[in-house]
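What follows is the residue order along each chain.
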Amino acid sequence: SESVKTMDKILESYSAKVMKNRKKHMLVVDHQEEKQKIDANTRTIPGIITNRGCCYAGCKGVVIGPVVDMVHITHGPIGCGYYSWGTRRNKGKAREGGKNFLAYSFNTDMQESDIVFGGDKKLAKAIQEAYDIFKPKAISVSATCPVGLIGDDIHMVAKQASQKLGIPVLSFSCEGYKGVSQSAGHHIANNKLMTDVVGTNDDYEPKEFSINILGEYNIGGDEWEITRVLNKIGYHVITTMTGNAAIDEMAAAHKADLNLIQCHRSINYIGDMIEKKYGIPWLKVNFIGVKAFTQSLRDMAKYFDNPQLTKRTEEVIKQELGEIKEDIAKYKAMCDGKTAMLFVGGSRAHHYQGMLKEIGMDTILAGYEFAHRDDYEGRDIIPDIKLDADSRNIEEIEVDQDEQKYRLRLSKEKYEALKKEIPLSNYEGMISEMADGMIAIDDINHYETEIFVKVLKPDFFGSGIKDKYIIQKMGVYSKQMHSYDYAGPYAGFKGAVNFARDVAAGVNTSAWQYIIAPWKKEPSLAGKIGVE
Ligand code: CFM
Ligand code: HCA
């Protein structure tokens, strides 16, 4: 097939060593094959243009940064803090009487002298200054590369500050170079949220149908659309981790009866640890696309197994579908038969495939920047994953059952029976939902992107900031699936309409095809070679 040929062509153009490496990161989906294996979570080859980010981005930018009532301090030179200032579009609102610091960027602005003589004192001063001015409920400190290289003891500084100020000061050794991508930072952030935050608020009185949403970051307001529907059905969301989160709410997460996991990659650690420590099972959900969202709502109703709740779930689904049906049909008519490629971080490349299908678009290539094999192949393969030195560098913490706070939510029999019907503590991965002949590719680079786009000519490419413009300059409509190109929400029912509308507009804009690079019209260098 064209896909196999293109893959071979790309691989042949590499040196033997690079070919051997990259070959393991791409495959053409074939469900006849027993178990298709893909390499993931390994180092990017130096010199290759990757879309990946760093450990600090995964910890501060992704997981801890969205908590609204904390001051998040970046310890390091100004660049990392500056670049991560507001770019991820994780939205948040202050609680009543509370504060929201999301619009700020707090940095220690390390200088050469701090690198030479140590930055601990500057950090201690920065924490105090932030406290004096803003009086936050808690503070986080995230380390950037030089901090680990010079050996600042940020944990000691944080501990002393916490004792002095009487608020939690969470410190993260999430230096950018740790691990191979953002993924390391997710793990580091998960660990500390688990040891220092979750389970520390016992004042919260749980109501009926109390849940947490894990791995949802309120990009473009997604979480607000999701909770709008959940509240309408009768759920009580104690906390979302960490989109629009507040520290006291995260601290009460152990009171819920169910954890929903949207983005498995970034938060499965907390999901597992909460289950072990407090007895709350987790359910894999997908809020993107009408079908997936509807399915997730029905799965939740099955879990709670309450006739009223089930009835209400169906009523709300019916009502919501009624409101969006016409719009979706209209946009489907505009997109039908078009093709898509998706390359996003660790879950959206999977989640958006169903949504695209609903508007008639097949995803012919999809991949993740930094997901692990289980996000491609399903959690069954976790025991087969060999830990390499880079993964071993990231601390794996052990939690035990909490004797006072553990509560079994479901009997063992019920749990096992439900597991057969709904994705309880389970994730099947992206490949399971892709059709035969489609390409799955890990950590795609810009050269590969260019070739695949040129040959397979998608109508739409869901990308990030680094690849969007090279694709668009090739005449193909490309949309950022991280920031939603400043639009959104895209999750839930109303979000699906927003997404369908934006994609319909994009794929029907012929402008991209008229773009001719200036060097194709006239040579960029004037002059003649040789003598005539
Ligand atoms: Fe999860 Fe995310 Fe994603 Fe992610 Fe990200 Fe993001 Fe993403 Mo950008 S937590 S893995 S580390 S869904 S920031 S909100 S868009 S790469 S696909
Ligand atoms: C990150 C954040 C990011 C970057 C987006 C992009 C986001 O990984 O550091 O590369 O376009 O969603 O903001 O993934």
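How each quantity is defined
Residues numbered from 1 in each chain as written. Chains lettered and ligands numbered in written order. Predicted model: local features only at pLDDT ≥ 70, side-chain atom pairs only at ≥ 80, totals over all residues. Heavy atoms only, no water. Helix = DSSP H or I, 4+ residues; strand = E, 2+ residues; numbered from the N terminus. Rg over C-alpha atoms; globule rule 2.2 N^0.38 Å. Buried < 20%, exposed > 50% of the residue type's maximum accessible area, 1.4 Å probe, protein only. Contact = heavy atoms within 4.5 Å. Areas by Shrake-Rupley, 256 points an atom, 1.4 Å probe, with all protein chains shown as cover. Expected span 1.5 Å × (residues − 1). Arc of directions from axis to C-beta. Axes fitted to C-alpha atoms, helices over the stretch in contact; angles between N-to-C directions. Parallel < 35°, antiparallel > 145°, perpendicular 65-115°, else oblique. Left-handed = near helix turned anticlockwise from the far one by under 90°. Nonpolar A, V, L, I, M, F, W, Y, C, P; charged D, E, K, R; others polar. Core = buried A, V, L, I, M, F, W, Y, C linked by side-chain atoms within 4.5 Å. Domains from an automatic or database assignment. Near = heavy atom within 4 Å. Polar contact = N/O pair within 3.5 Å; in protein donor to acceptor, adjacent residues only side chain to side chain. 1 Å grid on protein atoms, 1.4 Å probe; cavity = no way out; pocket = protein on both sides within 12 Å on 5 of 7 lines; lining within 4 Å. Points joined across faces, edges and corners; volume = space filled by probe spheres on them. Pairing = 2+ DSSP bridges. Right-handed = clockwise from strand over helix to strand, strands pointing away. Salt bridge = Lys/Arg side-chain N within 4 Å of Asp/Glu carboxyl O. Phe/Tyr/Trp six-rings, centres within 6.5 Å; stacked < 30°, edge-to-face > 60°.

Colleague: Describe the overall build of the protein, listing the residues and the values that go with them.
Modeller: Per the secondary structure count, the protein includes 23 helices and 14 strands. Over its C-alpha trace the protein gives a radius of gyration of 24 Å, about what one expects of a compact globule, namely 24 Å for 532 residues. Dimensions of the protein along its principal axes, counting C-alpha atoms only, are 85 × 65 × 45 Å. Counting across all 532 residues of the protein, residues that qualify as buried make up 57%. Restricting the contact set of the protein to residue pairs at least 6 apart, pairs at least 24 apart contribute 76%. If you sum the accessible surface of the protein, you get close to 24100 Å²; carbon and sulfur atoms cover 53% of it.

Colleague: Tell me what's going on with the side chain of Ser210, and back it up with residues and numbers.
Modeller: Inspection of the secondary structure assignment puts Ser210 in strand β6 (residues 210-216). Given the relative accessible area of 0%, Ser210 is considered buried. Ignoring any residue separated from it by four or fewer positions in sequence, one finds Ser210 in contact with Tyr204, His236, Ile238, Ala256, Asp257, Leu258 and Phe304.

Colleague: Got a sec to walk through helix α8 (residues 154-165)? Specific residues and values, please.
Modeller: The terminal C-alpha atoms of α8, which comprises twelve residues, lie 16 Å apart, in line with the 16 Å expected from a rise of 1.5 Å per residue. Residues of α8 that are buried include every one of Ile154, Val157, Ala158, Ala161 and Leu165, and no others. The buried residues of α8 occupy an angular sector of 95 degrees when projected down its axis, which confines them to one face. Away from the buried face of α8 by more than 90 degrees, exposed residues Lys159 and Gln163 are located. Buried residues along α8 sit in contact with β2 (70-75), α6 (120-134), β4 (138-143), α7 (145-150) and β5 (169-172). Residue Gly166 follows α8 closely and has a positive phi angle near 75 degrees.

Colleague: For the packing of helix α14 (residues 307-335) against helix α21 (residues 492-507), give the residues involved together with the corresponding values.
Modeller: The geometry of α14 relative to α21 is characterised by a closest axis approach of 9 Å and an angle of 15 degrees between their N-to-C directions. As judged from the angle between their axes, α14 and α21 are roughly parallel. Regarding α14 and α21, the two cross each other, and that crossing is left-handed. Contact residues: α14 offers Glu320, Leu321, Glu323, Ile324, Asp327, Ile328, Tyr331, Met334 and Cys335, while α21 offers Phe493, Lys494, Ala496, Val497, Ala500, Arg501, Val503, Ala504 and Val507. Grouping the amino acids of the contact of α14 with α21 by side-chain chemistry returns 13 nonpolar, no polar and five charged.

Colleague: Could you give an account of the nonpolar core, with specific residues and numbers?
Modeller: The biggest cluster of nonpolar side chains holds 136 residues, and the ones touching the most others in it are Leu260, Phe452 and Phe460. Mapping this core onto the domain boundaries places at least three of its residues in each of domain 1 (55-196) and domain 2 (198-324 + 381-426). Not counting residues up to four positions away in its chain, the partners in contact with Phe452 are Thr6, Met7, Ile10, Met341, Leu365, Ile439, Ile441, Ile444 and Lys457. Membership of the second largest hydrophobic core comes to 21 residues, among which are Phe134, Ala143, Val157 and Leu165.

Colleague: Lay out the site of ligand 1 in plain terms, naming residues and giving numbers.
Modeller: Neighbouring ligand 1 are 14 residues, the closest being Arg88, His186, Cys263, Ser347 and His482. The class makeup of the residues in the shell around ligand 1 is six nonpolar, six polar and two charged. Taken together, domain 1 (55-196) and domain 2 (198-324 + 381-426) each give at least three residues to the shell around ligand 1, which thus spans both.

Colleague: Explain the site of ligand 2 residue by residue, including any values.
Modeller: Every residue near ligand 2 is listed here: Ala57, Arg88, Gln182, Gly464, Ile465 and His482. Gln182 is positioned with one of its side-chain polar atoms (N or O) 2.7 Å from an oxygen atom of ligand 2. Separating an oxygen atom of ligand 2 from a side-chain N or O atom of His482 is a distance of 2.9 Å. With the chains in place, 80% of the 360 Å² that ligand 2 exposes on its own is no longer accessible. Its residues assigned to classes, the shell around ligand 2 shows two nonpolar, three polar and one charged.

Colleague: Tell me about the layout of surface pockets, and name the residues and values.
Modeller: Empty pockets left among the atoms are what a rolling probe the size of a water molecule brings to light. The volume enclosed by the second largest pocket comes to roughly 910 Å³. For the second largest pocket, the lining is made up of 35 residues, of which Asn41, His372, Ile385, Leu387 and Glu396 are closest to its centre. Here the element with the most residues in the lining of the second largest pocket is helix α12 (residues 264-278); it accounts for six residues. Its residues assigned to classes, the lining of the second largest pocket shows eleven nonpolar, ten polar and 14 charged. Structurally, the lining of the second largest pocket is a two-domain feature, drawing no fewer than three residues from each of domain 1 (55-196) and domain 2 (198-324 + 381-426).

Colleague: So, unusual backbone geometry: which residues are in play, and what are the values?
Modeller: Across the junction of Met241 and Thr242, the peptide omega takes the value -5 degrees, indicating a cis bond. Here the bond from Gly488 into Pro489 is cis, since omega is -5 degrees, no more than 30 degrees from zero. Secondary-structure assignment places Pro489 in the loop between β14 (477-480) and α21. The backbone of Asn218 shows a phi angle near 55 degrees, a positive value even though the residue is not glycine. Along the polypeptide, Asn218 turns up in the loop between β6 and α10 (222-233).

Colleague: Summarise the pairing of strand β8 (residues 258-261); cite the residues concerned and give the values.
Modeller: A two-sided burial pattern is seen for β8, the buried positions comprising Leu258 and Leu260 on one face and Asn259 and Ile261 on the other. Taken together, the three bridges between β8 and strand β9 (residues 282-284) define a ladder with parallel strand orientation. From the neighbouring strand, Leu260 faces β9, where its bridge partner is Leu283. With α12 bridging β8 and the parallel β9, this β-α-β connection has right-handed handedness.

Colleague: Can you lay out the pattern of salt bridges for me, pointing to particular residues and giving the numbers?
Modeller: Two side chains with opposite charge may pair up if their charged atoms get near one another. Under the criterion given, the structure shown has 32 salt bridges. The shortest N-O distance in the salt bridge between Lys122 and Asp114 comes to 3.2 Å. In this structure, the salt-bridge partner of Glu175 is Lys178, at a minimum N-O distance of 3.2 Å. Among the charged side chains, a salt-bridge network with shared partners connects Glu225, Arg228, Lys232 and Glu320.

Colleague: Account for the packing of aromatic side chains, naming residues and giving values.
Modeller: Describing an aromatic ring pair means giving the distance of the ring centres and the angle of the ring planes. This structure, assessed with the given rule, holds 17 aromatic pairs. When the centroid spacing of 6.4 Å and the interplanar angle of 70 degrees are considered together, the rings of Phe209 and Tyr235 count as edge-to-face. Of this pair, Phe209 sits in the loop between α9 (182-197) and β6 while Tyr235 sits in the loop between α10 and β7 (236-242), and the two are 26 residues apart along the sequence. For the pair formed by Phe209 and Tyr235, the shared burial category is buried. Ring plane angle 85 degrees and centroid distance 5.0 Å describe the contact between Tyr303 and Phe304, whose orientation is recorded as edge-to-face. Tyr303 gets classed as buried once you look at its relative accessible area, which sits at 5%. For Phe304, a relative accessible area of 15% corresponds to the buried category. Each residue in the set Phe101, Tyr104, Phe106 and Phe134 is aromatic and connected to the rest through ring pairs, giving one cluster.

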